[in-house]
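Structure assessment
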Amino acid sequence: MGQTNISGIIKDRKSKTPLPFATVITNTGIGTITDTEGRFNISSKNIFSALTITYVGYNKQNVIVPKQNNFITILLDASSENLGEVLIVAKENPALAIIRNTIKNRDKNNISKALQTFKYKLYNKLLVTANPDSISGTIDSVFVKKNDSLVFVALDSANYNFKKQINRHHLYITEKVAEHTFQRGKNKKETIFATRMAGFKTPIYEFLALDIESFSFYDEVYTLLGNNYINPLAKNALKKYNYKILDTIYNEQGASYMIHYKPKHNKDVAGLEGLLYIHEKSFALEKGIAELKGIVAVQAVQNFTYKNEENIWFPDETTISIRKGKNKEDVSIFGEVIKFSENETQNDSIVNPREKDFTDATYLISKSKIYDITINEPIRVINSASSIEIDDYAADRNEDFWNTYRTDSITSRGLEAYKVLDSLSESEGAEKKLNIARKVLKGYYPTKYFDLDLSKMINFNNYEGFRFGLGGVTNPTFSKIFQLETNAAYGFKDKTIKYHVGAAIRLSKTNNSWIGAGYTDDLQEAAKLDFLFEETSFALINPRNLNIGQFFNYKTFNINFKHDILPNLETKLEMSRGSYNPKFNYQFITNNLVYSEYNLTTATAALKWTPFSRYLNTPEGKFTIKNGFPKITVQFAKTFNDFLGGNLEFNQLKLKYEHDIKFLNKSSTNFLIQGGYTFGDAPLTHLYNATPNYSFANPWRKRINFSGTNAFETMAFNEFISDRYVSIQGRYNFDRFEITKKFRPSLSLISRFAIGSIESASEHYGVSFKKMNKGYMESGIVLNHLFKGFGVSSFYRYGQYSNAKFSDNLAVKLTYVLSLGF
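Residues numbered from 1 in each chain as written. Predicted model: local features only at pLDDT ≥ 70, side-chain atom pairs only at ≥ 80, totals over all residues. Heavy atoms only, no water.

1. What about the pattern of salt bridges?
Counted under the stated rule, the structure contains 30 salt bridges. As a salt-bridge pair, Arg406 and Glu399 come within 2.8 Å of each other at their nearest N and O atoms. Here Lys439 and Asp451 are joined by a salt bridge, their closest N and O atoms 2.8 Å apart. Residue Lys439 is found in helix α9 (residues 430-441), and its partner Asp451 is found in strand β27 (residues 450-453); the two are separated by 12 residues along the sequence. Taken individually, Lys439 and Asp451 each receive the classification buried, so the pair is uniform in this respect. A cluster of three or more residues bridged by salt bridges with shared partners is formed by Glu464, Arg467, Asp494, Lys498 and Asp522. (Salt bridge = Lys/Arg side-chain N within 4 Å of Asp/Glu carboxyl O. Helix = DSSP H or I, 4+ residues; strand = E, 2+ residues; numbered from the N terminus. Buried < 20%, exposed > 50% of the residue type's maximum accessible area, 1.4 Å probe, protein only.)

2. Thoughts on empty space enclosed by the protein
Considering all chains together, one arrives at 1 cavity of 30 Å³ or more under this definition. The volume enclosed by the largest cavity comes to roughly 60 Å³. The wall of the largest cavity is formed by Glu525, Ala526, Ala527, Ile548, Gly549, Gln550, Asn689, Pro692, Phe717, Asn718 and Ile721. In terms of residue class, the lining of the largest cavity is built from 6 nonpolar, 4 polar and 1 charged. (1 Å grid on protein atoms, 1.4 Å probe; cavity = no way out; pocket = protein on both sides within 12 Å on 5 of 7 lines; lining within 4 Å. Points joined across faces, edges and corners; volume = space filled by probe spheres on them. Nonpolar A, V, L, I, M, F, W, Y, C, P; charged D, E, K, R; others polar.)

3. A few points about the packing of aromatic side chains
All told, the structure shown has 35 aromatic pairs when counted by the stated rule. Geometrically, the ring pair formed by Phe466 and Phe468 is stacked, given 6.2 Å between the ring centres and 20° between the ring planes. A relative accessible area of 47% places Phe466 in the partly exposed class. The partly exposed category is assigned to Phe468, whose relative accessible area is 38%. Measuring from centroid to centroid gives 5.8 Å for Phe584 and Tyr586, while their planes differ by 35°, and the two rings are tilted. Per residue, the accessibility class of Phe584 equals that of Tyr586, and both read buried. Through a chain of ring-to-ring contacts, the aromatic side chains of Phe460, Phe466, Phe468, Tyr490 and Phe492 assemble into a single cluster. (Phe/Tyr/Trp six-rings, centres within 6.5 Å; stacked < 30°, edge-to-face > 60°.)

Given below as structure tokens:
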């Protein structure tokens, strides 16, 4: 009898594990490949009676289609053939010519290069689950060897309980519906219309931005689970990979070559290996498979569908699966290297008959189905919008909405997973804890309508003594378009209250545009290099403030505006008018006038460019989802004489360049270049001190205090003042040394250099300082995490500004790294 429809599963004969992506061809030439579970389905108008199955590393098998059964199980035998190096005997490996032509035709077949515009919808479902049938449901006995005999100890019911659980529901589930739009020359844009995460009413925005399935075989770099690899179709790929033709497959569009690729050189971390299905005439990719085979096994599959009108293969479906691996090779996932531990303690006297447990059967799978594709129709993509935007109602979609957009129906196990995990999360308060953790890392503690600014609570300096305060900003629960901020503080030494109040209103969510106003009566360090783009990292106390002696009071009213020209090109504008009063013995003399305090009217414009960072627009505002480097900040300010009561006129240009390089061994290198140039009638409060953090107090032990952040640890406070300067800092951070499980110190090596000058030093009375035109240098080491977050650092001053006495060049400081425990 002939067949028009057949389904089945292909497994390894010995282990009975499913074989994903095996090729199944009918005797009439119709073919398919198995999915990640080893299953396949073939429907054809033509009658067929036999199947041919091929799989990398296994013997080819021919199977007669049974007459009565529409579902068959096929077992394959592993072959002894090694798919490693390609042996070339008489002529060049024919696979190389196919790969060369595929690389040559990349731009013609790459939708981002060949098409003007395209748009499509995408449904994604991610599961952490297991196949119940692959788990033993028995309760095993555990024995201990004693006197050459086995003594019963306990019953091991882990597999039994897990199978009961996995029969009811998946371990985890998320779903997403999104629309992707592309316009050549613009940013690709993803708009998420619906998102659902088990256990969370509000989605975890950072998770939505993970590069789980954003990979392309046509780019130079292939990104898989947050890590970059040389693409097997990159221009220089022939130097990196070996290729071998395994089979020729036929479908409605003709024949395609199935080519296996593998890295030429073995490395400590697993490299890409997989299959490419390449059309014989257009050299377009019909299917790409990439695998990482190590302690964790990762498989990524991208299917393409042929669009006849445009004569192009368009992505149709992507799949990522992560399972327990079968070898000890390291695998890198999202920047973390997963290694095999050979130090795990095992009790050889314990005997358990179970060879495999439920961890062998558990896996993660993420499937994305593309549909409603439109090509080369008018589309407008706004470049200034973030690359990912979440609809305000994305987390509130009902079941009717989901059923309309799902391309893969949800099972009872999926619905039960939502029910169980939502209930568990609510009882444990998981969502609230996550929100607190996210805000605390940014320096805030969330309440219902107001986020408290933790950095404003307590501080200490020479002028105010202990400073206690309270303040913060309203959050989106209060209002998504209106924002209030306020703080107040009291110094117990100067017995004065300082405060700030401000308000802003959002003009555009797409461009993150806000306009606001505020009034401030507070203190600031004199000659500090400050920017409108403040640092957002959390520091409960700035220990450098303990020794600052030169402050000025400022009372200013400002109008401010911020706007994203591009998602990674932000701008801030500010117009301020206020009075400035130095709180130290100082007079500024210019144009035969003496100023002990002065009024300034200032216009400031700042740009911040983060070309490799990525951002997400959410109902709660703009989120940074990838903190990329370099970061470049440029700021220009101009003060106006005789305008709104301003007394002085000068100009300021400031620059900051930050760059971090992370290595696979978890070490990193940091660079910081910053400086400023001021010209005109500028008082000392608006010049530069190069961020010193040292005191020549005696006896020497009094000089031991805390290290600052990017401060010159051997430069004395108020030692140098410049109206133009630049500093360069380099830091190398080693991975933490695991001496014991609890004692894991970290080592850093640091060098700093600064050079500056000042033209009119004679205009500044009451203070003494030096020029820094010969170049200032220091180097040191830092040992962190020695005890309860505390560490120690040591720096030495050398070069033109070194002191005659050795101890005056040496700085020993304490360090502290706050560990929040999550």
